[in-house]
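In case you want the letters, here they are:
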Amino acid sequence: MKPIRNSAKAVIIQDNKVLLTKNQDRDGYFYLFPGGGQEHGEELSEALRRECIEEIGCAVIVDHLLHVREYIGKNHQFSEWDTPIHQVEFYFQCELERIPSSFTGSNPDEHQVGVEWIPLQELEQIRVYPHKLVPILQQRAQAPCYLGDTN
């Protein structure tokens with residue numbers, strides 16, 4: 001059994017658009033919030049800064065914690081291959097230190113094919129994970145910090 005993994009994620013919103021990594025699988029494109037796994041001895045904010053450089057090629061300023069999401073793979077649509085995965089994700093409000101002309105990460109994820117600014121009103125039209133964040137971001141509503149086990 002794999003250990004529970006912590007992951008830090010960036011919520012970067014500017015001009016009513018959110019910055020997401022674009023990924024591809026057998027079903028087409030899907031989008032994720034930049035960020036990734038925390039390493040032993042690393043604070044979540046450090047992990048998030050490192051992961052953003054790796055995935056989007058930009059340093060970020062990490063602000064406050066917005067949400068905590070669990071992903072227990074056996075409970076969701078990808079259980080066929082995600083059954084051993086249990087991840088706790090911490091979503092932080094962030095901003096870019098500078099806005100680059102293009103996004104090129106130093107070590108993008110395996111399925112990552114790009115980085116895109118997605119208009120908030122178009123989030124319903126794409127596969128974005130976790131989907132539970134879509135209405136929260138679109139409505140800019142106060143939402144519970146703990147989102148539970150959700151995809």
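Residues numbered from 1 in each chain as written. Predicted model: local features only at pLDDT ≥ 70, side-chain atom pairs only at ≥ 80, totals over all residues. Heavy atoms only, no water.

J.: I'm lost on the overall build of the protein chain in this one. Help?
T.: Secondary structure assignment for the protein chain yields 3 helices and 10 strands. Helices and strands in the protein chain line up, N terminus first, as β-β-β-β-β-α-β-α-β-β-β-α-β. Compactness check: the protein chain gives a C-alpha radius of gyration of 15 Å against a globular reference of 15 Å for 151 residues, within 12% of the reference. Counting over 151 residues, the protein chain shows a buried share of 48%. Partitioning the intrachain contacts of the protein chain with sequence separation of at least 6 by distance along the chain shows that 69% fall at a separation of at least 24. Accessible surface for the protein chain amounts to roughly 8300 Å². Of this, 48% is attributable to carbon and sulfur atoms. Computed over 14 positive and 23 negative side-chain charges, the separation of the two mean positions in the protein chain equals 3 Å. (Helix = DSSP H or I, 4+ residues; strand = E, 2+ residues; numbered from the N terminus. Rg over C-alpha atoms; globule rule 2.2 N^0.38 Å. Buried < 20%, exposed > 50% of the residue type's maximum accessible area, 1.4 Å probe, protein only. Contact = heavy atoms within 4.5 Å. Areas by Shrake-Rupley, 256 points an atom, 1.4 Å probe, with all protein chains shown as cover. Lys, Arg positive; Asp, Glu negative; His and termini not counted. Charge placed at Lys NZ, Arg CZ, Asp CG, Glu CD.)

J.: What is the right way to look at the side chain of Glu 51 in this model?
T.: Looking at where Glu 51 falls in the secondary structure, it is placed in helix α1 (residues 44-56). If near-sequence neighbours (up to four positions away) are discounted, Glu 51 is found in contact with Gly 35, Gly 36 and Gly 37.

J.: Is there a simple way to explain the packing of aromatic side chains in this structure?
T.: Two descriptors summarise a pair of aromatic rings, namely the distance from one centre to the other and the angle between the planes of the rings. Inspection of every chain in the model, using the stated rule, returns 3 aromatic pairs. If you follow Lys 22 out to its NZ or CZ, it ends over the ring of Tyr 29, 4.0 Å from the centre. (Phe/Tyr/Trp six-rings, centres within 6.5 Å; stacked < 30°, edge-to-face > 60°. Lys NZ or Arg CZ within 6 Å of the ring centre and 35° of its normal.)

J.: Just checking my understanding: could you explain the sheet that holds strand β1 (residues 5-11) for this structure?
T.: In a beta sheet, neighbouring strands pair by backbone hydrogen bonds and run either parallel or antiparallel. Ordered by their spatial adjacency, 5 strands build an open sheet running β5-β1-β7-β6-β10, and the pairing between neighbours is mixed. Single-partner strands in this sheet number two, and they are β5 (35-37) and β10 (146-149). Taking each pair of neighbouring strands and ignoring which way they run, the sheet shows an average axis angle of 25°. In this sheet, β5 lies alongside β1 in antiparallel orientation, the contact comprising 3 bridges. Pairing of Ser 7 across the sheet is with Gly 37, part of β5. (Pairing = 2+ DSSP bridges. Axes fitted to C-alpha atoms, helices over the stretch in contact; angles between N-to-C directions.)

J.: Is there a simple way to explain the nonpolar core in this structure?
T.: Side chains of a nonpolar character, in soluble globular proteins, are inclined to be buried together. Ile 12, Leu 48, Ile 56, Val 60, Phe 92, Cys 94 and Leu 96 are the most contacted members of the largest nonpolar core, which totals 19 residues. Per-element tally for this core: the top contributor is strand β7 (residues 86-96), with 5 residues. If you look at the next biggest cluster of nonpolar residues, it comprises 16 residues, including Val 128, Leu 133, Ile 136 and Leu 147. (Core = buried A, V, L, I, M, F, W, Y, C linked by side-chain atoms within 4.5 Å.)

J.: I tried to follow the pattern of salt bridges on my own but got confused; where do I start?
T.: Side chains that differ in sign of charge can pair as their charged atoms come close. What the rule picks out here adds up to 7 salt bridges. We note a salt bridge from Lys 22 to Glu 116, for which the minimum N-O separation is 3.1 Å. Of this pair, Lys 22 sits in strand β3 (residues 17-25) while Glu 116 sits in strand β8 (residues 112-119); the two residues are 94 residues apart in sequence, bridging distant segments of the chain. Overall, the relative accessible area of 17% leaves Lys 22 in the buried class. (Salt bridge = Lys/Arg side-chain N within 4 Å of Asp/Glu carboxyl O.)

J.: What's the story with α1 in this structure? I'm lost.
T.: For an α-helix, the turn length of 3.6 residues means that residues three or four places apart are oriented alike. For α1, which comprises 13 residues, the first-to-last C-alpha distance of 17 Å matches the rise-based estimate of 18 Å (1.5 Å per residue) to within 8%. Next to the buried residues of α1 lie β1, β3, β5, β6 (60-72), β7 and β8. Residue Gly 57 follows α1 closely and has a positive phi angle near 75°. (Expected span 1.5 Å × (residues − 1).)

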